[in-house]
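Structure assessment
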Amino acid sequence: MSEDIYREMILDHYRNPRNKGKIEEPDVRIHDSNPLCGDEISIDLKIEGDTIKDVKFDGRGCAISQASASMLTEMVSNKPLTTIKDITKNDILENIGLTNLGPARIKCALLSLKVLKLGMIKFYTDKDPNSAEKLKEESKVF
Amino acid sequence: MQALLDVYKIKQDFPILKRKLRNGKKLIYLDNAATTQKPKQVIDAICKYYSEYNSNIHRAVYQIAEEATEEYEKTRLNIQRFINARHSEEIIFTRNTTESINLIAYAWGKNNIKKGDKIILTEFEHHSNIVPWQMLSNEKGAKINYTDTNDNGYLNLETFSKFLKDEEDTKLVSLSHMSNVLGTINPAREIIKIAHEKKVPVVIDGAQSVPHMHTDVQDLDCDFLAFSAHKMLGPTGVGILYVKKEILEQMPPFITGGDMIREVHKDNTVFNDLPYRFEGGTPNIADVIGFNVAIDYLKRIGMKNVRDHETELIKYLYNSIKDIKGIKIYGPERVMDRGGLVTFNLEGIHPHDCATILDDFGIAIRSGHHCAQVLMEKLDIIASSRASIYIYNTKEEIDIFVDALNHVRRIFKV
């Protein structure tokens, strides 16, 4: 039931998104959209050494996609960049407390993770173009 | 006042409207602009074909093949009468409206659009009436001019006339009779008249209009008309393309292969007569036969009654939601200028969230860009919610829908 979806935590992150905006001179900027509903997410990363020093997201979309992006930025802030590789779909769904989403809405919840993973891959492949395939495989981009 | 149609009796014909959804709710189906439900008569006809006379059409000489051919061709004749076409060979079966429009773009466009030519579309076309023309224009070096709309969702006829007047090389006009987002019913007859004064042929995308109102191709005088069976009680996988015979006779085939030929030799082929020349390969026999029953169903009700029922119901819907705080309704305020749909946004609530919450009530509405991203850009929104009705919808269902919208606002505390 939708009351289970639209709980206070989701609505709070939707209305007061954390880390929303853009980073000036980001080390990575990546953007993607959900063709079904037009939800858009872009993510900026500032990397120092191997650590995500700053992360910001921007976008428009439904409560689930925007709240999920907001929570994801909190999840990875100040963490090693490689941790992004290991984040799974279930991690996200558990993090936002929505493990029962239907197939149509699950894409909303996972859009920001997809963008973040693509951002990490972009960061490494800019340095070493040959690493793309391996990284894609390891990070299970969907 | 006597009801225009006996909706409760009609409802009995639709098995899906009796089913219970996961939380025990009955289905309130308000996504009819996407596809309509099918009455049991249509389902039975398809079942009967497969159970009793399944065979390939047009060639075999045994009994069941003759029966199948006869039933298949009956649908063509029924469509001819339904849209008042002069000749039955002006009716071509495709898979859907999209394929019908592609057929025009490939078969007619190939020979008639050249470098520097112009095609006039409108800003509110469905992607299916934009992308084929973009592909054609890119290939040929032609240009698309988009007629704009005013804030109330009406087509700007001045821009349209100006395009026709100023741009000598306009070779085609293509527009939807009714917008699938704004609901606007366009003055197709008038537009066709203006275009014909300049000898420019007109394609009418009738996907949203033919299922909901009386359509007369001779009165409209359109050169092409495309529509889909599944949006008018029929099965999926059947599209219709009407083309004026004199144009059709000049068109090269689109899909080539079996059934569309008269003679095939190693080096050359003689194509079949109209309309078979445009129906290559084994067609969707079962569903074409099913569609015949859908047309009969609509004819029994009467298209005027369908339209009157929808006008009354959409007026009720419009008036029930227009004062909801934070609602923005797109398209004409005058219900007479609108087909059976209302597209809206609730401030601060994304349409997908709205649709998810309505789903709890058993209400099916569409949310998203409705395959009209050019229009979405113009309206400066990424998405919207759309409720669209048909012959089986009732005022009681609209009341539940309005209550549910208020529930959405309570959840989002707006």
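The structure presented is a predicted model; accordingly, all values stated were derived computationally and were not measured.

Examining the packing of helix α4 (residues 97-112) of chain B against helix α5 (residues 131-140) of chain B
Residues and elements named next belong to chain B.
- Running from N to C, α4 and α5 cross one another at 20°; their axes reach a closest spacing of 9 Å. Here α4 lies roughly parallel to α5, going by the angle between them. Crossing geometry of α4 relative to α5 is assigned as right-handed. Contact residues: Ile-101, Asn-102, Ala-105 and Gly-109 in α4; Pro-132, Trp-133, Met-135 and Leu-136 in α5.
- Within the contact of α4 with α5, the residues separate by chemical class into 6 nonpolar, 2 polar and no charged.

Let's talk about the sheet that holds strand β15 (residues 384-388) of chain B
Residue and element names in this part refer to chain B.
- Judged by pairing direction, the sheet is antiparallel, and its 4 strands sit side by side in the order β11-β12-β15-β14 without closing on themselves. Two strands bound the open sheet, and with one partner strand each, they are β11 (327-330) and β14 (366-368). Averaged over all neighbouring strand pairs, the angle between strand axes comes to 30°, with direction disregarded.
- Relative to β15, β14 runs antiparallel, the two sharing 3 bridges. Residue pairing in the sheet places Ser-367 in a bridge with Ser-385 of β15.
- Helix-sheet contacts for helix α11 (residues 303-321) involve β11, β12 (341-346) and β15, and the interaxial angle to β12 is about 15°.

What to know about helix α3 (residues 63-82) of chain B
Residues and elements named next belong to chain B.
- The end-to-end C-alpha distance of α3 is 29 Å, a good match for the 28 Å that 20 residues give at a rise of 1.5 Å each.
- Inspection of α3 places Ala-68, Glu-71, Tyr-72, Thr-75, Ile-79 and Phe-82 among the buried residues, and these make up the whole buried set. Down the axis of α3, the buried set is contained in an arc of 90°. They therefore lie on one face. In α3, the exposed positions that point more than 90 degrees away from the buried face belong to Gln-63, Glu-70 and Arg-81.
- Those residues of α3 that are buried lie in contact with α2 (40-53), β2 (91-94), β8 (239-243) and α10 (285-301).

A word on the interface of chain B and chain A
- Across the boundary between the two partners, chain B contributes 12 residues, which contact 14 residues of chain A.
- Mapped by element, the contributors of at least two residues to the side of chain B that touches chain A are α12 (351-359) and α14 (395-412) of chain B.
- A per-element tally of the side of chain B that touches chain A places α12 of chain B first, with 4 residues.
- Of the residues contributing to the side of chain B that touches chain A, the split by class is 5 nonpolar, 5 polar and 2 charged.

Details of the environment of Arg-86 of chain B
All names here are of chain B.
- You can see Arg-86 is positioned in the loop between α3 and β2.
- By the C-beta count within 10 Å, which is 11 here, Arg-86 ends up exposed.
- Discounting residues that sit within four places of it in the chain, Arg-86 has contacts with Gln-218 and Lys-245.

Some remarks on the nonpolar core
All names here are of chain B.
- One finds Ile-204, Cys-222, Phe-224, Leu-225, Tyr-242 and Ala-294 to be the most contacted residues of the largest nonpolar core, which totals 111 residues.
- For this core, the leading source of residues is α10, giving 9 residues.
- If we ignore the near neighbours within four places in the chain, the residues touching Leu-225 are Ile-83, Ile-204, Gly-206, Val-217 and Tyr-242.

Quick notes on the sheet that holds strand β7 (residues 224-228) of chain B
Residue and element names in this part refer to chain B.
- The strand order β2-β8-β7-β6-β5-β3-β4 describes an open sheet built from 7 strands, whose pairing is mixed. Taken across any chain shown, the strands that pair with only one partner, and hence form the sheet edges, are β2 and β4 (143-147). Here the strands of the sheet are splayed against their neighbours by 20° on average, with no regard to which way each runs.

Brief notes about the domain arrangement of chain B
Residue and element names in this part refer to chain B.
- Domain assignment breaks chain B into domain 1 (7-30 + 302-412) and domain 2 (44-299).
- Using only C-alpha atoms to locate each centre, domain 1 and domain 2 end up separated by 28 Å.
- Tallying the contact residues gives 23 residues for domain 1 and 22 residues for domain 2.
- It is α11 that provides the largest number of residues to the side of domain 1 that touches domain 2, a total of 5 residues.
- Tallied by class, residues from the side of domain 1 that touches domain 2 come to 10 nonpolar, 5 polar and 8 charged.

Things to note about the packing of helix α3 (residues 63-76) of chain A against helix α6 (residues 103-127) of chain A
Residues and elements named next belong to chain A.
- Their axes nearest at 8 Å, the elements α3 and α6 cross at an angle of 35°. Every pair of crossing elements has a handedness; the one defined by α3 and α6 is right-handed. For the pair α3 and α6, the contacting residues are Ile-64, Ser-65, Ser-68, Ala-69, Leu-72 and Val-76 in the first and Arg-105, Cys-108, Ala-109, Leu-111, Ser-112, Leu-113 and Leu-116 in the second.
- Residues that form the contact of α3 with α6 fall into these classes: 9 nonpolar, 3 polar and 1 charged.

Rules used in this analysis
- Residues numbered from 1 in each chain as written.
- Chains lettered and ligands numbered in written order.
- Predicted model: local features only at pLDDT ≥ 70, side-chain atom pairs only at ≥ 80, totals over all residues.
- Axes fitted to C-alpha atoms, helices over the stretch in contact; angles between N-to-C directions.
- Helix = DSSP H or I, 4+ residues; strand = E, 2+ residues; numbered from the N terminus.
- Parallel < 35°, antiparallel > 145°, perpendicular 65-115°, else oblique.
- Left-handed = near helix turned anticlockwise from the far one by under 90°.
- Contact = placed C-beta atoms within 7 Å.
- Nonpolar A, V, L, I, M, F, W, Y, C, P; charged D, E, K, R; others polar.
- Pairing = 2+ DSSP bridges.
- Expected span 1.5 Å × (residues − 1).
- Buried ≥ 20, exposed ≤ 12 C-beta atoms within 10 Å, placed from the backbone.
- Arc of directions from axis to C-beta.
- Core = buried A, V, L, I, M, F, W, Y, C linked by C-beta atoms within 7 Å.
- Domains from an automatic or database assignment.

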